[in-house]
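Residue-level structure breakdown
The chain contents come next:
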Amino acid sequence: MTGKTITRADLTDAVYRSLGISRNESSAFVERILDEVAQTLEKGETVKISSFGTFSVRDKKLRMGRNPKTGEEVPIEPRRVITFRASHVLKDQINDTHRQANAAE
Amino acid sequence: MIKSELVQKLADENPNLFHRDIERIVSIVFQEISDGLARGDRVELRGFGAFSVKHRPSRVGRNPRSGEAVHIEEKWAPFFKAGKELRDRLNGAGRFSQADSQPQPGPGE
């Protein structure tokens, strides 16, 4: 378990290393993929990436919340939220490696 | 939208590349995220969101039908939190910060 943070730069590197396209082109593809997923969700549509997971949009109704500091009641406006459901392939991959790493400790 | 539709869209935009290359690019991006999570890394994509892994310790659960106590093994669950920019895009940017003074056109308005 390395515990570092993966960023766009790492995704770009991975694309760059395995295909014969430039670093700039690789970076543009990473951006384009993320943006297309975002745009689709924006339209309220679900995005399903096999062996990775499903992003979907849910509508939340108006509800009353409370400011935890003051105890004051405040309305939480209706809004749309994104939920991500990991596929079994991804869940299994994560659990397998974490179990192995723990067993090795 | 499913993965093949995403691939097709990018392939249409890039007639200079082979369809199978686009397919590889898309696969690599998601595989890199998966591999990172499997290693215990966090994946932070500014504006889009962050993926992390949450540890759920083992616990004693209950079979809701029989009421019998069962041991549930510890597990690790991937978790996604949408970034601020994406949340704002979904709800029409500025809609909440200015909701009181001047309502912004939101989705469906």
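Residues numbered from 1 in each chain as written. Chains lettered and ligands numbered in written order. Predicted model: local features only at pLDDT ≥ 70, side-chain atom pairs only at ≥ 80, totals over all residues. Heavy atoms only, no water.

1. A closer look at the overall build of chain B
- Looking only at helices and strands, one finds three helices and five strands in chain B.
- Each helix and strand of chain B, ordered N terminal to C terminal, gives the series α-α-β-β-β-β-β-α.
- Expressed as a percentage of its 109 residues, the buried residues of chain B come to 38%.
- The long-range fraction of contacts in chain B, counting pairs at least 24 apart against all pairs at least 6 apart in sequence, stands at 28%. (Helix = DSSP H or I, 4+ residues; strand = E, 2+ residues; numbered from the N terminus. Buried < 20%, exposed > 50% of the residue type's maximum accessible area, 1.4 Å probe, protein only. Contact = heavy atoms within 4.5 Å.)

2. Some words on the pairing of strand E5 (residues 75-82) of chain B
All names here are of chain B.
- Covered by surrounding structure in E5 are Trp76, Pro78, Phe80 and Ala82 only, the residues Lys75, Ala77, Phe79 and Lys81 on the alternate face being uncovered.
- Summarising the sheet, strand E2 (residues 49-56) and E5 pair through eight bridges and their orientation is antiparallel. Residue pairing across strands places lysine 54 opposite alanine 77, the latter belonging to E5. (Pairing = 2+ DSSP bridges.)

3. A word on unusual backbone geometry
Residue and element names in this part refer to chain A.
- Of note in this structure, serine 51 is not a glycine but carries a positive phi near 60°.
- Looking at where serine 51 falls in the secondary structure, it is placed in the loop between strand E2 (47-49) and strand E3 (53-60).
- On the basis of relative accessibility, which here comes to 41%, the residue serine 51 falls in the partly exposed class.

4. Overview of the domain arrangement of chain B
- Domain boundaries assigned for chain B yield domain 1 (1-40) and domain 2 (42-87).
- Taking only C-alpha atoms into account, the centre of domain 1 of chain B sits 26 Å from that of domain 2 of chain B. (Domains from an automatic or database assignment.)

5. Some thoughts on the packing of helix H2 (residues 23-42) of chain A against helix H1 (residues 3-13) of chain B
- Put simply, H2(A) and H1(B) touch, their axes get as near as 11 Å, and they point 130° apart. In terms of axis orientation, H2(A) runs oblique to H1(B). As H2(A) packs across H1(B), the resulting crossing turns out to be right-handed. Every residue of H1(B) that contacts H2(A) at Phe29(A), Arg32(A), Ile33(A) and Glu36(A) is listed here: Leu6(B), Lys9(B), Leu10(B) and Glu13(B).
- Its residues assigned to classes, the contact of H2(A) with H1(B) comprises four nonpolar, no polar and four charged. (Axes fitted to C-alpha atoms, helices over the stretch in contact; angles between N-to-C directions. Parallel < 35°, antiparallel > 145°, perpendicular 65-115°, else oblique. Left-handed = near helix turned anticlockwise from the far one by under 90°. Nonpolar A, V, L, I, M, F, W, Y, C, P; charged D, E, K, R; others polar.)

6. A look at a positive patch on the surface
- A grouping of Lys54(B), Arg56(B), Arg59(B) and Lys75(B) is seen on the molecular surface, where their side chains present a positively charged patch.
- Its location among the elements puts Lys54(B) in strand E2. (Patch = residues over 30% accessible without salt bridge, like charges linked within 9 Å, V, L, I, M, F, W, Y side chains within 5 Å. Areas by Shrake-Rupley, 256 points an atom, 1.4 Å probe, with all protein chains shown as cover. Salt bridge = Lys/Arg side-chain N within 4 Å of Asp/Glu carboxyl O. Lys, Arg positive; Asp, Glu negative; His and termini not counted. Charge placed at Lys NZ, Arg CZ, Asp CG, Glu CD.)

7. Remarks on the domain arrangement of chain A
Residue and element names in this part refer to chain A.
- By domain assignment, chain A separates into domain 1 (1-43) and domain 2 (44-105).
- The gap between the C-alpha centroids of domain 1 and domain 2 is 21 Å.
- Facing the six residues of domain 1 at the interface are 12 residues of domain 2.
- Overall, the association of domain 1 and domain 2 removes approximately 730 Å² of surface from exposure, summing both partners, and the carbon and sulfur fraction of that is 71%.
- Between the two partners, domain 1 and domain 2, sit five residue pairs in polar contact (both at pLDDT 80 or more).
- Considering only residue class, the side of domain 1 that touches domain 2 consists of three nonpolar, one polar and two charged. (Buried area = accessible area lost by both parts, 1.4 Å probe. Polar contact = N/O pair within 3.5 Å; in protein donor to acceptor, adjacent residues only side chain to side chain.)

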